[in-house]
Amino acid sequence: MTVDQGLRDLIYALALKYAIKYGGKTSTKSLVGKIIAIRPDVRSKVREIIPEIERIVKEVNEMTLEEQKTLLEKYAEMLPEEKPKEEKKGLPPLSGADVGKVRMRFAPGPSGPLHIGHSRAVVLNDEYVKMYKGKFILRLEDTNPKNVLPEAYEMIKEDVSWLGAKWHEFYIQSDRMQIYYEHARKLLEMGKAYICTEDPEVWRKKKVHGGKIPERELPPEDQLEKWEKMLDGDYKPGEAVFVVKTDLNHPNPAVRDFVGFRIVEEPHPRIGDKYRVYPTYNFAVAIDDHLMGITHVLRGKDHLVNTMRQEYIYEHFGWEKPYFYHYGLVSMENVILKTTVIKEGIKKGEFIGWDDPRLGTLRALAKRGISPEALRKYWIDVGLKEVDIKFSWDILYAYNRELIDRKANRYFFVWDPIKVRIKGTGRYEAKIPKHPNDLSRGYRVRTVELPTEVYISRDDWESIKEGELFRLKDLFNVKRVKDYLEYAGNDLSIIKRGSKIIHWICGEGIKTVVYKTDGSIVGGICEPEVLESVGKVVQFERFGYCRIERLPDGTVVGYFAHS
Ligand code: GLU
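Residues numbered from 1 in each chain as written. Predicted model: local features only at pLDDT ≥ 70, side-chain atom pairs only at ≥ 80, totals over all residues. Heavy atoms only, no water.

K.L.:
Is there a simple way to explain the overall build of the protein in this structure?
P.N.:
Tallying secondary structure elements over the protein gives 17 helices and 25 strands in all. At 32 Å, the protein has a C-alpha radius of gyration far larger than the 24 Å of a compact globule built from 563 residues. A principal-axis box enclosing the C-alpha atoms of the protein has dimensions of 100 × 60 × 40 Å. Residues classed as buried in the protein amount to 52% of the 563 residues present. (Helix = DSSP H or I, 4+ residues; strand = E, 2+ residues; numbered from the N terminus. Rg over C-alpha atoms; globule rule 2.2 N^0.38 Å. Buried < 20%, exposed > 50% of the residue type's maximum accessible area, 1.4 Å probe, protein only.)

This is the structure:
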């Protein structure tokens, strides 16, 4: 059997692909099966093509990894489209979860838009609700007027939608104040709560070290009277609190009697000064989780003590408890998450907004072109694990790369550009695919007539020695002579011998600024076709993936996702 061009190209493509996959080397043995899988017609004549496979394997193994990668771009179209692997690691089942009956909630406080940390709870709740065909409840917990950012109500909805979760029911706690008051009264009537007017510090010490709390023992009539006084404004903030009784001998002093309501005189950013007594998180969350029929609560380990407190409310009312799950904490490096810091930074003009690429908000990730699917995949992998983990940007970026690489067109971005003269004669055409694996997306076509000038990055220019031969990607080879370049033919084999391949722009290019996650800004020029990708992610070759926007003055802005 003769090895035709198509078969030879396929062997090259496979040899390169698997050499790259395994660090630069492949073998004839490992390739044979893969060739037959794509070309079943060679099965019976495989012996005849072995020498050719061996020759190609030897040639590929002698290349550097960089050369292999460059060459693979040329052969990649020989490879059949790979079906994305359905590798569902899947979440473990939940206890007591019946299909159609599961009700779960995501309950953030509207102090700012959501950040990566929140996205874990959104994804896990949403995944389980989908798994059990249940209901997803979005509840905004805004009973601390001091910690409410009015814009956050809408921003959170947008963020949850961006993550691909759909809520079936939506609640805002500040609409439910009367419900909390009713339950407060009931607890007082049952003798399960009391109004405490003691000095907070004295009260706290008594809980920790023991000591009589006389108000705790007063009858319900007295408690209700003081409660009404609280509501009527007879006490100032801090002078009286509503306390839920637990067990004063509980081994953890933090669980012994906890505050269920306090007086806050600042107007609420959403409902104004209608109320002056607000439930604490622990009170409101327990009442709502019960009334909303929540069957499973997923939350971080940092809420363990809160769960213990909330369980007392369930017990006082004789309610069935939901299943509680506490997952491990996630520490994050190299990112700004704190709402107060961000708010301050925006005010001072240090950040461009809640979506500044330095921030860990979901809107910052969206701006950079990190896809919600990548984040979802990340959190499904981590699942409900109880161990604390360090967030891995590398893994998130690897997932994102997998998702966006096929969609992202490729372009040249010449950062820190310098203009260099090329001497020579003739007219040359570069026809560069917008995506090497999807030629249907078209090409960037450049006609270069020598002599001319091109832009290249200063870094590249400075790394090239006098007399060095290198390639202008997809155009031709050049040699550096003093402070100019000289046309040097089109022999591709220089790549195999390790010559550099650099990107370039002829003509004016478009002014470009790229914002990176460390706050640095990289300036340069890009190819005009980038404008076709405004709002989308592109791959700036040899630089990284960026999401593209355009300023009114025409400047292209790239928000750097990752390399
Ligand atoms: N609002 C709480 C938070 O964001 C909800 C936590 C929970 O009860 O699961 O931390």
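K.L.:
Looking at this structure, I do not really get the packing of aromatic side chains. What am I missing?
P.N.:
For any pair of aromatic rings, the description consists of the separation of the ring centres together with the inter-plane angle of the planes. Counted according to the given criterion, the structure contains 29 aromatic pairs. Seen from their ring centres, Phe391 and Trp393 are 5.0 Å apart, and the 75° between their planes marks the pair as edge-to-face. Ring pairs connect the aromatic residues Tyr181, Trp227, Phe242, Phe261, Tyr275 and Phe283, which therefore count as one cluster. Positioned above the aromatic ring of Phe412 is the side chain of Arg444, whose terminal nitrogen or guanidinium carbon lies 4.7 Å from the ring centre. Geometry around Phe560 places Lys516 over its ring, the cationic atom sitting 4.7 Å from the centre. (Phe/Tyr/Trp six-rings, centres within 6.5 Å; stacked < 30°, edge-to-face > 60°. Lys NZ or Arg CZ within 6 Å of the ring centre and 35° of its normal.)

K.L.:
Would you take a moment to explain the environment of Gly383 for this structure?
P.N.:
Tracing the chain through its elements places Gly383 in the loop between helix H14 (372-382) and strand S11 (389-390). Placed 260 residues apart in sequence, Gly383 and Val123 show a C-alpha to C-alpha distance of 9.5 Å. Once you skip the residues sitting within four places of it in the chain, Gly383 turns out to touch Leu91, Arg120 and Leu124. (Contact = heavy atoms within 4.5 Å.)

K.L.:
Is there a simple way to explain the site of the ligand in this structure?
P.N.:
The ligand sits among Arg105, Ala107, Pro108, Glu141, Tyr281, Val285, Arg299 and His303. Here an oxygen atom of the ligand sits 2.9 Å away from a polar atom, N or O, in the side chain of Arg105. Within the complex, 77% of the 300 Å² of free accessible area of the ligand lies under protein. In terms of residue class, the shell around the ligand is made up of four nonpolar, one polar and three charged. (Near = heavy atom within 4 Å. Polar contact = N/O pair within 3.5 Å; in protein donor to acceptor, adjacent residues only side chain to side chain. Areas by Shrake-Rupley, 256 points an atom, 1.4 Å probe, with all protein chains shown as cover. Nonpolar A, V, L, I, M, F, W, Y, C, P; charged D, E, K, R; others polar.)

K.L.:
Is there a simple way to explain helix H4 (residues 65-75) in this structure?
P.N.:
Because an α-helix packs 3.6 residues into every turn, residues spaced three or four apart end up facing the same way. The set of residues buried in H4 consists of Glu67, Gln68, Thr70, Leu71, Leu72 and Tyr75. Of the surrounding elements, those touching the buried residues of H4 are helix H1 (5-21), helix H3 (46-61), helix H17 (493-496) and strand S19 (501-502).

K.L.:
What should I look at first to understand the sheet that holds strand S16 (residues 469-472) in this one?
P.N.:
Note on sheets: strands pair through backbone hydrogen bonds, and any given pair is parallel or antiparallel. One open sheet holds the seven strands; their spatial order is S19-S16-S17-S18-S14-S15-S20, and the pairing between them is mixed. Every interior strand has two partners, whereas the edge strands, S19 and strand S20 (505-506), have only one. Pairing of strand S14 (residues 417-433) with strand S15 (residues 443-457) involves 14 bridges; the strand directions are antiparallel. Residue pairing across strands places Pro417 opposite Ser457, the latter belonging to S15. (Pairing = 2+ DSSP bridges.)

K.L.:
Would you mind showing me how to read the nonpolar core here?
P.N.:
A general tendency of soluble globular proteins is for nonpolar side chains to be buried together. Within the largest apolar cluster, 58 residues are counted, with the highest numbers of intra-cluster contacts made by Leu94 and Leu298. Listing elements by their share of this core, those giving two or more residues are strand S1 (103-106), helix H5 (116-131), strand S2 (135-140), helix H6 (152-162), strand S9 (323-327), helix H13 (362-368), H14 and helix H15 (393-404). The residues touching Leu94, leaving out its near neighbours within four places in the chain, are Met104, Tyr128, Tyr132, His296, Leu298, Tyr325 and Leu384. In terms of nonpolar packing, the next biggest core, distinct from the first, is built from 35 residues, Leu188, Ala193, Met230 and Ile263 among them. (Core = buried A, V, L, I, M, F, W, Y, C linked by side-chain atoms within 4.5 Å.)

K.L.:
Would you explain the packing of H1 against H3 in this entry?
P.N.:
Across the interface, H1 lies against H3 with an axial gap of 10 Å and an inter-helix angle of 45°. Regarding the angle of H1 to H3, the classification is oblique. Two packed elements cross with a definite hand, and for H1 against H3 that hand is right-handed. Facing H1, whose interface residues are Leu7, Arg8, Ile11, Tyr12, Ala15, Leu16 and Ala19, H3 presents Ile49, Glu52, Ile53, Arg55, Ile56, Glu59 and Val60. Looking at the contact of H1 with H3 residue by residue, the class counts come to 10 nonpolar, no polar and four charged. (Axes fitted to C-alpha atoms, helices over the stretch in contact; angles between N-to-C directions. Parallel < 35°, antiparallel > 145°, perpendicular 65-115°, else oblique. Left-handed = near helix turned anticlockwise from the far one by under 90°.)

K.L.:
Please clarify how the sheet that holds strand S6 (residues 258-263) should be interpreted in this entry.
P.N.:
If you trace the four strands from one edge of the open sheet to the other, you get S4-S5-S6-S7, paired in antiparallel fashion. Every interior strand has two partners, whereas the edge strands, strand S4 (193-196) and strand S7 (277-279), have only one. In this sheet, neighbouring strand axes are inclined to one another by 25° on average, regardless of whether the strands run parallel or antiparallel. Note: S4 against strand S5 (residues 241-244), four bridges, orientation antiparallel. Following the sheet pairing, Ala193 is matched in S5 by Val244. Against the sheet, helix H7 (residues 177-189) engages S4, S5, S6 and S7, with an angle of about 85° to S7.

K.L.:
Sorry, what's going on with the pattern of salt bridges here?
P.N.:
Where charged atoms from two side chains of opposite charge approach closely, those side chains can pair. Per the stated rule, a full pass over the model turns up 53 salt bridges. Put simply, Arg444 and Glu541 hold a salt bridge, and the shortest N to O gap is 3.4 Å. Here Arg444, found in strand S15, pairs with Glu541, found in the loop between strand S23 (537-540) and strand S24 (544-550); they are 97 residues apart in sequence, far enough to count as distant. The exposure class of Arg444 is buried, given its relative accessible area of 0%. Judged by relative accessible area, Glu541 falls into the buried class, the value being 6%. Of the charged contacts in the structure, one is a salt bridge between Arg547 and Glu549, with a shortest N-O distance of 3.0 Å. With a relative accessible area of 22%, Glu549 lands in the partly exposed category. Within this structure, Glu73, Asp405, Arg410, Arg444, Arg446, Lys473, Asp474, Glu527, Glu529 and Glu541 form a network of salt bridges that share partners. (Salt bridge = Lys/Arg side-chain N within 4 Å of Asp/Glu carboxyl O.)

K.L.:
What am I meant to see in the state of the cysteines here?
P.N.:
Disulfide: a covalent bond connecting the sulfur atoms of a pair of cysteines. Inspection of the entire model under this criterion finds zero disulfides. Free cysteine Cys506: the closest other cysteine sulfur is in Cys526, separated by 13 Å. Cysteine Cys526 shares no disulfide, and the gap to the nearest cysteine sulfur, in Cys546, comes to 10.0 Å. A residue is classified by how much of its surface remains accessible, and Cys526, at 0% relative accessible area, is buried. (Disulfide = S-S within 2.5 Å.)

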